[in-house]
Structures are given as C-alpha cells and as structure tokens.
Amino acid sequence: MAPASPRDFSATSGNDAGLRGRLEQFGLATILTFLDLERRSGQILLVTSDRVGRVWLRDGRVISARIEGSRRVNRAAIYELLTWDSGRFHFTQADHSSAVDEVGAPTTLLLVEAARRADEAAAPAG
C-alpha cells in the first residue's frame, strides 16, 4: 500500500470511471451503503488534511480497512473512518475476488455497530 496524498485526486483525469467527492457532502456510511447496494468491488481512498485511509470491498462487502500511520486495522479502522466528516474520497473499481475477507462482517452490521458506538460516545455520563 503506497502512501496517498491530496495529489492522488488531481492526478487522475476527470473522465475515469469512479466515484469521488467530499466527505462533507457524502459521508463514508452513505458511500458504503451505496456500494453495498450496487455490490461493487474496489477500493475507497479517503484523504483528510493529515490522514489517509483505505477500504477494500468485494461485492459491496468491506473486506479490509487501513489507516496509514495507525495500528487500527479492519473493524477498528472502519469505526474510526466512519467518524471522519471532512476530506475527500475516491472509489476505484477493482477485482478483489481472491482477497481474504479480514473483517468477517456484513457492511450493514459494521454501520449499525458504528452508529451504536457514536450514540454511546454522545450519551451523557451518569
């Protein structure tokens, strides 16, 4: 996995087939839901001002996730990536049919668990 930077987004032509945009407009949960419904395979690259994350999908299901410079991988990385509310994303379609599923959970389950964690974090202590 090569490091990514904001230049990675401008280095590709605007005519290539892919999904891209700003996390302020479409959060990762929305992107994952769409790609799950469409049963897409490929990689989502997420870039903020100081962080880079990657999510790999097979048939819409998250099979792996990483955050560069972090020990968090797979489920822990997904839960953190779902909290990112600014930056850019870029989905590139690719065949990951032979890749190992390191997450072992449906995308919907990951999203529900992330929402539960966010609710718990926002709840007042007491």
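Computed from a predicted model, the values in this text were never measured in an experiment.

## Some remarks on helix α3 (residues 74–81)
So, point 1. With 6 of its 8 residues buried, α3 lies for the most part within the structure.
So, point 2. Of all the residues in α3, the buried ones are Asn74, Ala77, Ile78, Tyr79, Glu80 and Leu81.
So, point 3. Packed against the buried residues of α3 are α2 (28–37), β2 (42–47), β3 (52–58), β4 (61–67) and α4 (107–122).

## Considerations on α4
So, point 1. Look at α4: 23 Å from first C-alpha to last across 16 residues, which is about the 22 Å you get at 1.5 Å a residue.
So, point 2. Looking at the buried residues of α4, the elements they touch are α2, β4 and α3.

## Quick word on the packing of α3 against α4
So, point 1. Here α3 crosses α4 at 60°, and the two axes come no closer than 10 Å. Accordingly, the angle class assigned to the pair α3 and α4 is oblique. In the crossing of α3 with α4, the sense of the turn from one axis to the other is right-handed. Along its contact with α3, which presents Arg75, Ile78 and Tyr79, the element α4 presents Leu110, Glu113, Ala114 and Arg117.
So, point 2. Of the residues in the contact of α3 with α4, the class split is 4 nonpolar, no polar and 3 charged.

## Brief notes about the packing of α2 against α4
So, point 1. Where α2 meets α4, the closest approach of the two axes is 10 Å, and the angle between their N-to-C directions is 160°. Overall, the two elements α2 and α4 adopt an arrangement that is roughly antiparallel. For the pair α2 and α4, the sense of crossing is left-handed. Judged by residue contacts, Ala29, Leu32, Thr33 and Asp36 of α2 engage Thr107, Thr108 and Leu111 from α4.
So, point 2. Across the contact of α2 with α4, the residue classes tally to 3 nonpolar, 3 polar and 1 charged.

## Concerning the sheet that holds β3
The strands making up a sheet associate through backbone hydrogen bonding, with each pair oriented either parallel or antiparallel.
So, point 1. The strand order across the open sheet formed by 5 strands is β1-β5-β2-β3-β4, and the pairing between neighbours is antiparallel. Both outer strands of the open sheet, β1 (19–22) and β4, are each paired with one neighbouring strand and no more. Averaged over all neighbouring strand pairs, the angle between strand axes comes to 15°, with direction disregarded.
So, point 2. The sheet contact formed by β3 and β4 spans 6 bridges and is antiparallel.

## Thoughts on the pattern of salt bridges
So, point 1. Taken as a whole, this structure holds 12 salt bridges when the rule is applied.
So, point 2. Across the salt bridge formed by Arg40 and Glu38, the nearest N and O atoms sit 3.5 Å from each other.
So, point 3. For Glu38, a relative accessible area of 39% gives the class partly exposed.
So, point 4. Residue Arg51 pairs with Asp50 through a salt bridge whose shortest N-O separation is 3.8 Å.
So, point 5. For Arg51, a relative accessible area of 32% gives the class partly exposed.
So, point 6. Owing to a relative accessible area of 62%, Asp50 belongs among the exposed residues under this scheme.
So, point 7. Counted as one network, the salt bridges with shared partners bring together Asp50, Arg51, Arg72 and Glu80.

Analysis parameters
- Just so you know, the residues in each chain are numbered from 1, in the order the chain's sequence is written.
- Reporting of local features is limited, given that this is a predicted model, to residues whose pLDDT is at least 70; pairs of side-chain atoms are given and counted only at 80 or more, and all residues count toward the totals for whole chains, interfaces and linings.
- Hydrogens and waters are ignored; side-chain quantities use all the structure's heavy atoms.
- Summary of the burial criterion: residues with accessible area below 20% of their type's maximum are buried, those above 50% are exposed, and those between are partly exposed, where the area comes from a 1.4 Å probe applied to protein chains only.
- Runs of H or I in DSSP of at least four residues are treated as helices and runs of E of at least two as strands, each being numbered from the N terminus.
- Residue contacts are defined here by distance: any two heavy atoms, one from each residue, within 4.5 Å place the two residues in contact.
- Any helix carries an expected span of 1.5 Å times its number of residues minus one.
- Axes here mean lines fitted to C-alpha atoms, for a helix over just the part in contact, with angles spanning 0 to 180 degrees between N-to-C directions.
- Any angle from 65 to 115 degrees is called roughly perpendicular, while one under 35 is roughly parallel, one over 145 is roughly antiparallel, and all others are oblique.
- Note on convention: near helix rotated counterclockwise from far helix by under a right angle means a left-handed crossing. Clockwise means right-handed.
- Under the scheme applied here, ten amino acids are nonpolar (Ala, Val, Leu, Ile, Met, Phe, Trp, Tyr, Cys and Pro), four are charged (Asp, Glu, Lys and Arg), and all others, including Gly, are polar.
- Pairing between two strands requires that DSSP report at least two bridges joining them.
- A pairing counts as a salt bridge when a side-chain nitrogen of Lys or Arg comes within 4 Å of a carboxyl oxygen of Asp or Glu.

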